[in-house]
2 protein chains.
Amino acid sequence: MGATKTEHFTDKQNQIATIAKALGHPARIAIIEYLLKVNTCICGDIVNELPLAQPTVSQHLKELKNAGLIKGNIEGNSICYCIDEKTFDTLKEYFSKIILTVTNQKCC
Amino acid sequence: MGATKTEHFTDKQNQIATIAKALGHPARIAIIEYLLKVNTCICGDIVNELPLAQPTVSQHLKELKNAGLIKGNIEGNSICYCIDEKTFDTLKEYFSKIILTVTNQKCC
DNA sequence: ATTTAATATCGTAATATTGCAATATAAAGA
DNA sequence: TCTTTATATTGCAATATTACGATATTAAAT
């Protein structure tokens, strides 16, 4: 016990859960909002912006990248990060569909 | 260490992260989708639907309720659960704003 | 009053996440 | 080449999550 029973759920359910999980930490939300503000930036900029050590920021960036929420392009010495729109679209579409369905329903 | 540094982030950032975190598990996504299909149901229905024990389902329902994603109304013996639209709206609005901002940006 | 049914809570083991110091890697500049 | 700069990885401690058996709670049914 302790491990999520991933294999019992559909690919789509796991996909949405994985993306949501990546956004389930305030530091990662802060990183997304910072990227939104500055368009593109390097890891060091985020380290200066957030109250977290460089390895911690690097780890959060990795998780956001694994979930497809950001992209990282090597630019010589540093890595240029920016938001990956596609995955946010996937989420928005998913929630839009939920809301459309729910508005036709009656709650208990 | 090990605990999230919640106090260093804004209320809005923590709010979005909390909601996203609640959706960051395939079982909870499956519960949302089941509720979407059947409109309303009781805990026992979900226990029959998912490959998880009753206490586990109860715990997942509690987290979804704490995040404001579902509502639970006592109906005599059992509890009637249904989706709470408001919180999904909050998420959708948040992602819509992100996408609107990103589409005017150029990635690296 | 007792039993049954539906959920919640407690306790606990297994696993995952968070955060960071120390260290590694890799490219640019002197 | 040696140093500097930028980022990633490793290893580990603290904490959180996941899952479930056992048990408690609460209301309906008999």
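Scroll up a little and you will see the structure.
Only a predicted model underlies this, so the values are computations on that prediction, with no experimental measurement involved.

*Asks:* Whenever I open this one, the sheet that holds strand E3 (residues 78-83) of chain A confuses me. Can you help?
*Replies:* Two orientations exist for strands paired in a sheet by backbone hydrogen bonds: parallel and antiparallel. Residues and elements named next belong to chain A. Strand order in this open sheet of three strands is E1-E3-E2, and the pairing throughout is antiparallel. Where the open sheet ends on each side, the last strands, each with one partner, are strand E1 (41-42) and strand E2 (70-75). One ladder, built from six bridges, connects E2 with E3; its direction is antiparallel. Within the sheet, the bridge partner assigned to Glu 75 lies in E3 and is Ser 78.

*Asks:* Can you walk me through the protein's contact with DNA strand D in this structure?
*Replies:* Around DNA strand D there are 30 residues in total, and A:Gly2, A:Lys5, A:Ile42, A:Gly44 and A:Tyr81 lie nearest to it. Restricting the count to atoms of DNA strand D within 4 Å of the protein gives a sugar and phosphate share of 68%. In this structure, A:Cys43 approaches DNA strand D through a main-chain N or O atom, which is 2.9 Å from a phosphate oxygen. B:His60 has a polar side-chain atom sitting 2.8 Å from a phosphate oxygen of DNA strand D. Looking at the surface near DNA strand D, the elements with two or more residues in it are helix H3 (43-49), helix H4 (54-66) and E3 of chain A together with helix H4 (54-66) of chain B. The leading source of residues in the surface near DNA strand D is H4(B), at five residues. Here the residues of the surface near DNA strand D are counted per class, giving 11 nonpolar, 14 polar and five charged.

*Asks:* Hey, could you run me through the protein's contact with DNA strand C in this one?
*Replies:* Neighbouring DNA strand C are 31 residues, the closest being B:Gly2, B:Lys5, B:Ile42, B:Gly44 and B:Tyr81. Near-protein atoms of DNA strand C (within 4 Å) split between backbone and bases, with sugar and phosphate holding 67%. Within the side chain of A:Lys21, one N or O atom sits 2.9 Å away from a phosphate oxygen of DNA strand C. In this structure, A:Glu63 approaches DNA strand C through a side-chain N or O atom, which is 3.4 Å from a phosphate oxygen. Looking at the surface near DNA strand C, the elements that each hand over two or more residues are H4 of chain A together with helix H3 (43-49), H4 and strand E3 (78-83) of chain B. Here the element with the most residues in the surface near DNA strand C is H4(A); it accounts for five residues. Taken together, the residues of the surface near DNA strand C sort by class into 12 nonpolar, 14 polar and five charged.

*Asks:* Sorry, what's going on with the side chain of B:Gln13 here?
*Replies:* Tracing the sequence through the fold places B:Gln13 in helix H1 (residues 11-22). Note on B:Gln13: relative accessible area 9%, which makes it buried. Beyond its immediate stretch of four places on either side in the chain, B:Gln13 contacts A:Pro26, A:Ile29, A:Ala30 and A:Glu33.

*Asks:* Is there a simple way to think about the pattern of salt bridges in this case?
*Replies:* Residue and element names in this part refer to chain B. What the rule picks out here adds up to four salt bridges over all chains. Residue Lys 86 pairs with Asp 84 through a salt bridge whose shortest N-O separation is 3.3 Å. Accessibility expressed as a relative area gives 9% for Asp 84, which makes it buried.

*Asks:* Before we go on, may I ask you to explain the interface of chain A and chain B in this structure?
*Replies:* Many structure descriptions define interface size as the accessible area lost when the parts assemble. Tallying the contact residues gives 50 residues for chain A and 50 residues for chain B. Here chain A packs against chain B, burying approximately 4,400 Å² in sum over the two surfaces, 72% of which is carbon and sulfur. For the interface between chain A and chain B, the tally reads zero salt bridges. Linking chain A with chain B are 10 residue pairs in polar contact (both at pLDDT 80 or more). For the side of chain A that touches chain B, the secondary-structure elements that each account for two or more residues are helix H1 (11-22), helix H2 (26-38), E2, E3 and helix H5 (85-102) of chain A. With 12 residues, the top contributor of residues to the side of chain A that touches chain B is H5(A).

About the thresholds
- Residues numbered from 1 in each chain as written.
- Chains lettered and ligands numbered in written order.
- Predicted model: local features only at pLDDT ≥ 70, side-chain atom pairs only at ≥ 80, totals over all residues.
- Heavy atoms only, no water.
- Pairing = 2+ DSSP bridges.
- Helix = DSSP H or I, 4+ residues; strand = E, 2+ residues; numbered from the N terminus.
- Near = heavy atom within 4 Å.
- Polar contact = N/O pair within 3.5 Å; in protein donor to acceptor, adjacent residues only side chain to side chain.
- Nonpolar A, V, L, I, M, F, W, Y, C, P; charged D, E, K, R; others polar.
- Buried < 20%, exposed > 50% of the residue type's maximum accessible area, 1.4 Å probe, protein only.
- Contact = heavy atoms within 4.5 Å.
- Salt bridge = Lys/Arg side-chain N within 4 Å of Asp/Glu carboxyl O.
- Buried area = accessible area lost by both parts, 1.4 Å probe.

Taken by themselves, the reported measurements are silent on function.
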